[in-house]
Amino acid sequence: MNATDINFENSLSFARQLDAADPLRAYREEFYFPKVQDKQVIYFTGNSLGLQPKRTQQFVDDIMQDWRELAVEGHFYSNKPWWDYHERLAQPLAKVVGAQAREITVMNTLTVNLHLLMVSFYRPDQKRYKILCEEKAFPSDQYMFQSQLRFHGLDPDEALVEVKKREGEHYWRTEDVISKIEELGDSLALVLIGGVNYYNGQVFEMEAITAAGKKAGAFVGWDLAHAVGNVDLRLHDWGADFASWCSYKYMNSGPGNASGIYVNEQYLDRKDIPRFEGWWGTKKESRFLMKPTFEPMATADAWQISNAPVLALAPYLASLEIFEEVGMKAIIEKRNKIVAYLEYILHEIDKQVASRFEIITPEARGCQLSVFLHGEGRPLFDYLMKAGVIVDWREPNVIRLAPAPLYCSYEDMFQFGQILKAGIERNS
Ligand SMILES: *Cc1c(COP(=O)(O)O)cnc(C)c1O
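How each quantity is defined
Residues numbered from 1 in each chain as written. Predicted model: local features only at pLDDT ≥ 70, side-chain atom pairs only at ≥ 80, totals over all residues. Heavy atoms only, no water. Pairing = 2+ DSSP bridges. Helix = DSSP H or I, 4+ residues; strand = E, 2+ residues; numbered from the N terminus. Axes fitted to C-alpha atoms, helices over the stretch in contact; angles between N-to-C directions. Contact = heavy atoms within 4.5 Å. Buried < 20%, exposed > 50% of the residue type's maximum accessible area, 1.4 Å probe, protein only. Domains from an automatic or database assignment. Buried area = accessible area lost by both parts, 1.4 Å probe. Salt bridge = Lys/Arg side-chain N within 4 Å of Asp/Glu carboxyl O. Polar contact = N/O pair within 3.5 Å; in protein donor to acceptor, adjacent residues only side chain to side chain. Near = heavy atom within 4 Å. Areas by Shrake-Rupley, 256 points an atom, 1.4 Å probe, with all protein chains shown as cover. Nonpolar A, V, L, I, M, F, W, Y, C, P; charged D, E, K, R; others polar. Right-handed = clockwise from strand over helix to strand, strands pointing away. Phe/Tyr/Trp six-rings, centres within 6.5 Å; stacked < 30°, edge-to-face > 60°. Lys NZ or Arg CZ within 6 Å of the ring centre and 35° of its normal. Disulfide = S-S within 2.5 Å. Core = buried A, V, L, I, M, F, W, Y, C linked by side-chain atoms within 4.5 Å.

A few points about the sheet that holds strand β17 (residues 398-401)
So, point 1. Read from one edge of the open sheet, four strands run β13-β14-β17-β16, paired in antiparallel fashion. Unpaired on one side and paired on the other, β13 (357-359) and β16 (392-394) mark the two borders of the sheet. Neighbour to neighbour, the strand axes of the sheet diverge by 30° on average, direction disregarded.
So, point 2. Judged from the three bridges that link them, β16 and β17 form a sheet pairing that is antiparallel. Bridging across to β17, D392 finds its partner in R400.
So, point 3. Those strands touched by helix α12 (residues 328-352) are β13, β14 (369-373) and β17, and its axis lies near 155° from that of β13.

Regarding the pairing of β14
So, point 1. Across the five residues of β14, five count as buried, placing the element largely inside the fold.
So, point 2. Burial along β14 is two-sided: the face carrying L369, V371 and L373 and the face carrying S370 and F372 are both buried.
So, point 3. As paired elements, β13 and β14 share three bridges and run antiparallel to each other. When the bridges of β14 are listed, I359 appears paired with V371.

Some remarks on the domain arrangement of the protein chain
So, point 1. Along its sequence, the protein chain is carved into domain 1 (3-30 + 327-427) and domain 2 (58-326).
So, point 2. The distance between the C-alpha centroids of domain 1 and domain 2 comes to 31 Å.
So, point 3. In total, domain 1 and domain 2 occlude about 2,000 Å² of area from one another, counting both sides; carbon and sulfur atoms represent 60% of this.
So, point 4. When the buried surface of domain 1 facing domain 2 is broken down by residue, Y27, M328 and I360 rank first, second and third, together holding 24% of it.
So, point 5. There are zero salt bridges connecting domain 1 and domain 2.
So, point 6. If you look at where domain 1 meets domain 2, you find 12 residue pairs in polar contact (both at pLDDT 80 or more).

Some details on the site of the ligand
So, point 1. Every residue near the ligand is listed here: L110, T111, F138, D141, D223, A225, H226, Y248 and K249.
So, point 2. The side chain of Y248 places a nitrogen or oxygen atom 2.5 Å from an oxygen atom of the ligand.
So, point 3. Between the ligand and K249 there is a distance of 2.6 Å, counted from an oxygen atom to a side-chain nitrogen or oxygen.
So, point 4. Burial of the ligand by the protein chains amounts to 84% of its free accessible area of 390 Å².
So, point 5. Classifying every residue of the shell around the ligand gives four nonpolar, two polar and three charged.

As for the sheet that holds strand β11 (residues 242-245)
So, point 1. Read across the open sheet, the seven strands follow the order β6-β12-β11-β10-β9-β7-β8; overall the sheet is mixed. Every other strand in the sheet has two partners, leaving β6 (104-107) and β8 (160-163) as the edge strands with one partner each. Neighbouring strand axes in the sheet, compared pairwise and without regard to direction, differ in orientation by 20° on average.
So, point 2. Of the strand pairs in this sheet, strand β10 (residues 219-223) and β11 are connected by three bridges, and their pairing is parallel. Opposite D223, over in β11, you have S244 as the bridge partner.
So, point 3. Strands in contact with helix α6 (residues 139-151) are β7 (130-134), β8, β9 (188-194) and β10; relative to β7, the strand with the most contacts, it is inclined by about 170°.

Regarding the side chain of S259
So, point 1. Mapped onto the secondary structure, S259 falls in strand β12 (residues 259-263).
So, point 2. In this structure, S259 is in contact with T105, V106, M107, N108, T109, L110, N113, S244, W245 and C246, ignoring residues within four places of it in sequence.

Points about the pairing of β9
So, point 1. Summarising burial for β9: seven of the seven residues are buried, a large majority.
So, point 2. By the bridge criterion, three bridges tie β7 to β9 in an arrangement that is parallel. Opposite I131, over in β9, you have L190 as the bridge partner.
So, point 3. Where β9 meets β10, five bridges bridge the pair, whose relative direction is parallel. Along β10, the bridge assignment pairs I193 with W222.
So, point 4. For the handedness criterion, the β-α-β arrangement of β9, helix α9 (residues 206-215) and β10 is classed as right-handed.

Observations concerning the pattern of salt bridges
So, point 1. As enumerated under the stated definition, the model contains 27 salt bridges in all.
So, point 2. Across the pair E183 and K180 runs a salt bridge whose closest N-O atoms are separated by 3.5 Å. One end of the pair is E183 and the other is K180, both in helix α8 (residues 174-184) and three residues apart, which spans about a single turn.
So, point 3. Exposure remark for E183: the relative accessible area of 58% places this residue in the exposed category.

Observations regarding the packing of aromatic side chains
So, point 1. Inspection of every chain in the model, using the stated rule, returns 25 aromatic pairs.
So, point 2. The interplanar angle of 80° and the centroid separation of 5.9 Å between the aromatic rings of W280 and F288 together place this pair among those described as edge-to-face.
So, point 3. Assessed through its relative accessible area of 3%, W280 is described here as buried.
So, point 4. We classify F288 as partly exposed; its relative accessible area is 33%.
So, point 5. Taken together through their ring pairs, the aromatic side chains of F76, Y77, W83, W279, W280 and F288 make up a single cluster.
So, point 6. In this arrangement the basic side chain of K54 is found over the ring face of Y32, its NZ or CZ atom lying 5.7 Å from the centre.
So, point 7. Seen from the ring of F138, K249 lies directly overhead, with NZ or CZ sitting 5.0 Å from the centre.

Focus on the state of the cysteines
Any covalent bond linking the sulfur atoms of two cysteines counts as a disulfide.
So, point 1. Under the counting rule described, the total for this entry stands at zero disulfides.
So, point 2. Counting only cysteine sulfurs, C246 is the nearest neighbor of C133, a cysteine outside any disulfide, at a range of 18 Å.

Things to note about the nonpolar core
So, point 1. With 110 residues, the main nonpolar core has W222, W245, Y341 and F416 as its most contacted residues.
So, point 2. Among the elements that make up this core, the one with the highest residue count is α12 (12 residues).
So, point 3. Of the residues that make up this core, three or more belong to each of domain 1 (3-30 + 327-427) and domain 2 (58-326).
So, point 4. Non-local contacts of F416, meaning those with residues more than four positions away in its chain, are made with I42, F44, L342, L346, L384, V389 and L401.
So, point 5. Counting residues in each nonpolar core, the second largest holds 32 residues, with M144, A159, Y267 and I273 among its members.

Encoded structure:
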């Protein structure tokens, strides 16, 4: 049954029935929730910083203990040796993004990784030098594109091409992305788009866009910050060249934490790919012989540079254990249902307060609903926060609601509706 076929009810008892039947309900207990006025919050910002899993502490403590007791010997003789600690993350992450384990590694942070991947996959020449992205891409990506272009001596105003939304529409049309790719043709060097847009929550048709970009002879990469752990990804089957994502949003691995990369297998074990290199990318068998020549790992690990920040990788590994247990399929099933319920609640409240809001997220969506609040401003946001609803505010007056399926409950959605209604009616 489709989540949208359910006859939802805007009542506490109905929400509780949904919770009782939720196969993931036990996972809510696996996370720490902040409190406002001694009450556990309703947390809608898992798209910004996921909650802390309770099991994470132990993973970090293990490393602190090994460091305390083994010091340098921990590199090789701890329970989970540090020198190849990052390799433990590849297999579970590969499942989350639909890749082979050897196409995955974890290192650095997201924008840094995209820059490093552009070293390999953005190599402009006289003819082919343009970059295609979505208009109003995440700011860090915009700064990255502009600085990369200037680094190559190019003018961003000319070489950076943005796909626009149509007048009066809140989302991008796939046909517009594809026709822009075709129009640019052999001047197009790179397509790099956020797989899920951070502002409106739209899931781009990554398979079709990848195919169109490849057909035009360009490299195609994806910024999966809002996609990983949220939507179905099949990077390998789609034939994407590369991708990167952060781990602190839906992946729950802690503020500013390490980023994952995917590099398509056709680029592995090749010496002709330009890359910024360091000792953690050279073959592990000979890494400590300290030889002067770089021999790349035959996996995405060739892109590694420095020795791995294991204290940061530990929370990522803890989180991946949860994703491994639950699986993306179950996460997506609950996501569809809980987002549909939230949408229903919003429509119900909207009727009661004489139509104030508009959901600007298109049907191609993951966990997030972006809601335009007509005639409401920051005071409503402040009201929600004081009432224990953690939401995110974007100018001019959009709130983003992302009920992360691992820890949000259907009762949260119902309670949110009640608080929102009281907030809107507070002045009347
Ligand atoms: C969150 C986010 C980032 C953040 O980049 P960092 O390098 O991790 O600070 C980048 N791109 C997109 C699309 C994001 O949503």
